[in-house]
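Listed below are the residues making up each chain.
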Amino acid sequence: MPTDVFGVLASPVRRKLLESLRDGPRATGDLARLFQLGRPAVSEHLAVLRSAGLVREEPRGRQRFYHLEPARLAEVGEWLHPFEHYWKQRLQTLADVLDEENTHD
């Protein structure tokens, strides 16, 4: 059974881990220092991301480096794409309301 990617992405810790990998691979210890969690807890989150296919692990000597897996993230983006127009429309409506309120001030 495939992993529920949206369930995996529901965790703020896992989302922050993915965000921190945008600029390239990082070692587990470097990632753990971003949180007020122990290294074992961060490793568990990384294991969940790995099982969902969102990251891959690369052993380098005694360290493990994590890389984003863009193909799986692209699948999420493709699923979300049809909803973009909804959010753009809602944001434009909000901007119009705010502009109207600012002209009345």
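As shown above, the structure is provided for reference.
Residue numbers restart at each chain and count upward from 1, following the sequence in its written direction. In keeping with the predicted nature of the model, local features appear solely for residues at pLDDT of at least 70, side-chain atom pairs appear and are counted solely at 80 or more, and the whole-chain, interface and lining totals rest on all residues. Neither water nor hydrogens contribute to the side-chain values; these are computed over all heavy atoms in the structure.

Draft legend 1. How the structure looks around the packing of helix H2 (residues 12-20) against helix H4 (residues 39-51). Interaxial distance between H2 and H4 falls to 10 Å at its minimum, and their mutual angle equals 75°. It follows that H2 is roughly perpendicular to H4 by the angle criterion. Seen from H2, the contacting residues are Val 13, Arg 14, Leu 17 and Leu 18; seen from H4, they are Val 42, His 45, Leu 46, Val 48 and Leu 49. Lys, Arg, Asp and Glu make up the charged group, whereas Ala, Val, Leu, Ile, Met, Phe, Trp, Tyr, Cys and Pro make up the nonpolar group; the residues left over, Gly among them, are polar. For the contact of H2 with H4, the per-class residue count stands at seven nonpolar, one polar and one charged. Under this scheme, a helix contributes an axis fitted over its contacting stretch, all axes are lines through C-alpha atoms, and angles between N-to-C directions fall in the 0 to 180 degree range. Secondary structure elements are taken from DSSP: a helix is a run of H or I of four residues or more, a strand is a run of E of two residues or more, and numbering for both begins at the N terminus. Note that the term roughly parallel is reserved for angles under 35 degrees, roughly antiparallel for angles over 145, roughly perpendicular for angles of 65 to 115, and oblique for everything else. Contacts are assigned to residue pairs with any non-hydrogen atoms lying within 4.5 Å of each other.

Draft legend 2. Representation of the pairing of strand E3 (residues 63-68). Two strands are counted as paired when DSSP detects at least two bridges linking them. Relative to E3, strand E1 (residues 26-27) runs antiparallel, the two being bridged by two bridges. Bridging from a neighbouring strand, Arg 26 pairs with Tyr 66 of E3. Bridge analysis of strand E2 (residues 55-60) against E3 gives six bridges, and the strand direction is antiparallel. Bridged to Glu 57 within E3 is Tyr 66. Counting the residues in the hairpin turn of E2 and E3 gives two residues, including Gly 61, whose phi is positive at 65°.

Draft legend 3. Spatial organisation of the sheet that holds E1. Taken in spatial order, the three strands make up an open sheet running E1-E3-E2, and their pairing is antiparallel. Among the strands making up the open sheet, the edge pair consists of E1 and E2. Of the strands in this sheet, E2 and E3 are in contact with H4, which crosses E2 at around 120°.

Draft legend 4. Expanded view of the nonpolar core. Buried Ala, Val, Leu, Ile, Met, Phe, Trp, Tyr and Cys residues that are joined via side-chain atoms within 4.5 Å together make up what is termed a nonpolar core. Each residue is placed in one exposure class: buried if its accessible area under a 1.4 Å probe, protein chains only, is under 20% of its type's maximum, exposed if it is over 50%, and partly exposed if it falls in between. Judged by nonpolar contacts, the single largest core of 18 residues is most densely connected at Leu 17, Leu 46, Leu 49 and Leu 54. Where this core is concerned, the elements lending two or more residues are helix H1 (5-9), H2, helix H3 (28-32) and H4.

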